[in-house]
Amino acid sequence: MKKFPLVPPLSPILPNRGGARESRPSSILSLSAEISKFRSRGRDAAKLIERRFAVASCGLDGLDLTSGEGIAAGRKAMADKKKVFVKSYGCQMNVYDSERMTEAMAASGYAASESEKDADLVILNTCHIREKATEKIYSELGRLKARKIENPSMRIAVAGCVAQAEGEEIIARQPLVDILVGPQSYHRLPELVAEADKGRKPVATEFLADEKFDRLPASTSPKKSPTAFLTVQEGCDKFCTFCVVPYTRGAEYSRPAARVLAEADRQAKRGVREITLLGQNVNAYRGEGAGGRRWGLARLILAVAEIDGIERIRYTTSHPRDMTEDLIEAHASCGKLMPYLHLPAQSGSDKVLRAMNRKHTAEQYLKIIEKLRVARPDILISGDFIVGFPGETERDFSDTLSLVGEVGYGQSYSFRYSPRPGTPAAEKKQVPPDVASERLHRLQALLKSQQIAAQESMVGRLANVLFERKGRFDGQLAGKSEHLQAVHASCDDSLMGKLAAVRIIRSEPNSLAGEMIN
Ligand code: SF4
């Protein structure tokens, strides 16, 4: 079997193949102009950004926020609005869903709040994938009790996979919950809140993904970040024996390509430059395309790449079984598709992969990695691993270590197996916790050394960085490289939301330090 280099060769990565553009979206430009005005008056630009977006969410775009009249009108509009705070747990799909729920409530007159303290509606958008997820939600609800006593008209909604899995049991255990809404019913939030205001406790946990996407309203106000998630696929038909997703998110569903492209176009017009296409099995995407023909993910990526303003495309999470030849080829042909792929392996043992019902072998996984590296030699591979799966022996675990050694991961997520009630693996004889923990420790040491090696290989190289937030220190901005590595550099605030060339000068524990080049 081919042995891969621990650190993939990195090609010069400036500019993006496919043409990085230097023009800035108009919404970002007008924001910069406003920030400059404030700076010249000695005010804090961050406060302006906050008010700018808050006012935009009130539908008052166009106010001159530097005038006394504009500031007063903006403040009044904000004070008059009800507020929604969404706390998101778990994966990027939940982050995307949280944004869409905020937008759904904005259409009903709610402004987004950064905190539960002044919120009239608190939504906990839950995740069921990790251990003790349900208990975490109950402890969060316990914390909210004091707020609810202070403000009985505040509504509390539990959304997401825990709501789907636990259903009315949540309200039975914690009666302060007003609304339960599963992942496929977010479009119904405004009507559910209205029902709760009448003293009912509505529960919406139907599987109607197509209806949800059709009916969720879409914001057109400027976006704070130049990056956005876009869900293209939901649900899963794979039934891995450790996973609850097929039970909480339902069967695989792909959104029609035209709707995905319309949303990507809208995001581009809001100032977004990087889109991450999301799905539980994103590369199982089979959406309806032009003329009723089914499009795969590769076709969709190429179409998104045509959208003016979108400079970078990523996708996650993929299943090895669905890494089609045309998708691998897209990594060679589409310059806007970033050289990064998160491809969970879970184990390097065929016996364990079979018990997990992963439907691929270790060799098939390695073959995919080999093809990807032929298509895009500098691609950075990220992986997921579960250690201590029922029946895993020391020999099986050493197969996992071998696979990791062969692939050379630049990033990774690894966990000790923990049973999810209702899944087949939960019924099997478990590996003793101390054995699983010790294996996890060894695996994580190897993965960490690979991550450090991948970061250190960047020192002295050029990276194209999309700056998306302030750095830890004054005068710094931070963003992501093409390889999804966090990079910070001292530079002018005007680069916020822009792609810029950075020379990497140092590797730090979880990020890279860079300096600007002209
Ligand atoms: Fe869960 Fe497996 Fe489906 Fe991924 S592929 S969502 S791990 S069942």
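None of the values given here were measured: they were computed from a predicted structure.

(A) Expanded view of the site of the ligand. Taken together, Cys-236, Lys-238, Phe-239, Cys-240, Phe-242, Cys-243, Val-245, Pro-246, Asn-281, His-319 and Arg-358 make up the full set of residues near the ligand. Taken together, the residues of the shell around the ligand sort by class into 7 nonpolar, 2 polar and 2 charged.

(B) Broad picture of the sheet that holds strand β13 (residues 312-316). Pairing is parallel in the open sheet, where 3 strands are placed in the order β7-β10-β13. The outermost strands of the open sheet, each flanked by one partner alone, are β7 (227-231) and β13. For this sheet, the mean angle separating the axes of adjacent strands, direction not counted, is 25°. The pairing of β7 with strand β10 (residues 274-278) spans 5 bridges and is classified as parallel. If you follow Phe-229 over to β10, its bridge partner there is Thr-276. Sheet strands touched by helix α12 (residues 297-305): β10 and β13. Its angle to β13, the strand with the most contacts, is close to 155°.

(C) Representation of the side chain of Ser-98. Mapping Ser-98 onto the fold places it in helix α4 (residues 92-106). Judged by relative accessible area, which is 8%, Ser-98 ranks as buried. If sequence neighbours within four positions are ignored, Ser-98 has contacts with Val-86, Ser-88 and Asn-125.

(D) Layout of the sheet that holds strand β2 (residues 110-112). What the 6 strands build is an open sheet, ordered β2-β1-β3-β4-β5-β6; its pairing is parallel. Looking at strand neighbours, the two that pair on one side only are β2 and β6 (203-204), the edges of this open sheet.

(E) Quick look at the environment of Ala-257. Looking at the secondary structure, you find Ala-257 in helix α11 (residues 257-269). In contact with Ala-257, other than residues within four places in its own chain, are Tyr-285, Glu-288, Gly-289, Trp-295 and Leu-300.

(F) Broad picture of helix α8 (residues 189-197). Turning to α8, its buried residues are Leu-189, Leu-192, Val-193 and Ala-196. Buried residues of α8, viewed axially, fall in a sector of 100°; they line one side. At the exit of α8 stands Gly-199, carrying a positive phi of roughly 90°.

(G) Layout of the nonpolar core. Formed by 52 residues in total, the largest nonpolar core has its most connected members in Leu-277, Tyr-315 and Tyr-409. If we skip the residues at most four places from it in the chain, Tyr-315 touches Thr-276, Leu-277, Val-282, Leu-297, Ile-301, Met-323, Leu-327, His-331, Leu-337 and Leu-341.

(H) Expanded view of the packing of α11 against α12. Remark: α11 packs on α12, axes separated minimally by 10 Å, with the N-to-C direction vectors making an angle of 35°. Judged by the sense of rotation from one axis to the other, the crossing of α11 with α12 is right-handed. For the pair α11 and α12, the contacting residues are Ala-257, Val-260, Leu-261 and Ala-264 in the first and Leu-300, Ala-303 and Val-304 in the second. Residues that form the contact of α11 with α12 fall into these classes: 7 nonpolar, no polar and no charged.

(I) Structural detail: the pairing of strand β16 (residues 411-416). As judged from the 6 bridges shared by strand β15 (residues 380-387) and β16, these two strands associate in the parallel manner. By the bridge assignment for β16, Val-387 is matched with Arg-416. Handedness of the crossover joining β15 and β16 through helix α16 (residues 394-407) is recorded here as right-handed.

(J) Broad picture of the packing of α12 against helix α13 (residues 325-333). Interaxial distance between α12 and α13 falls to 8 Å at its minimum, and their mutual angle equals 25°. Looking at the two axes, α12 sits roughly parallel to α13. Along its contact with α12, which presents Leu-297, Ala-298, Ile-301 and Leu-302, the element α13 presents Asp-326, Leu-327, Ala-330 and Ser-333. A class-by-class count of the residues in the contact of α12 with α13 yields 6 nonpolar, 1 polar and 1 charged.

Definitions and cut-offs
- Residues numbered from 1 in each chain as written.
- Predicted model: local features only at pLDDT ≥ 70, side-chain atom pairs only at ≥ 80, totals over all residues.
- Heavy atoms only, no water.
- Near = heavy atom within 4 Å.
- Nonpolar A, V, L, I, M, F, W, Y, C, P; charged D, E, K, R; others polar.
- Pairing = 2+ DSSP bridges.
- Helix = DSSP H or I, 4+ residues; strand = E, 2+ residues; numbered from the N terminus.
- Axes fitted to C-alpha atoms, helices over the stretch in contact; angles between N-to-C directions.
- Contact = heavy atoms within 4.5 Å.
- Buried < 20%, exposed > 50% of the residue type's maximum accessible area, 1.4 Å probe, protein only.
- Arc of directions from axis to C-beta.
- Core = buried A, V, L, I, M, F, W, Y, C linked by side-chain atoms within 4.5 Å.
- Left-handed = near helix turned anticlockwise from the far one by under 90°.
- Right-handed = clockwise from strand over helix to strand, strands pointing away.
- Parallel < 35°, antiparallel > 145°, perpendicular 65-115°, else oblique.

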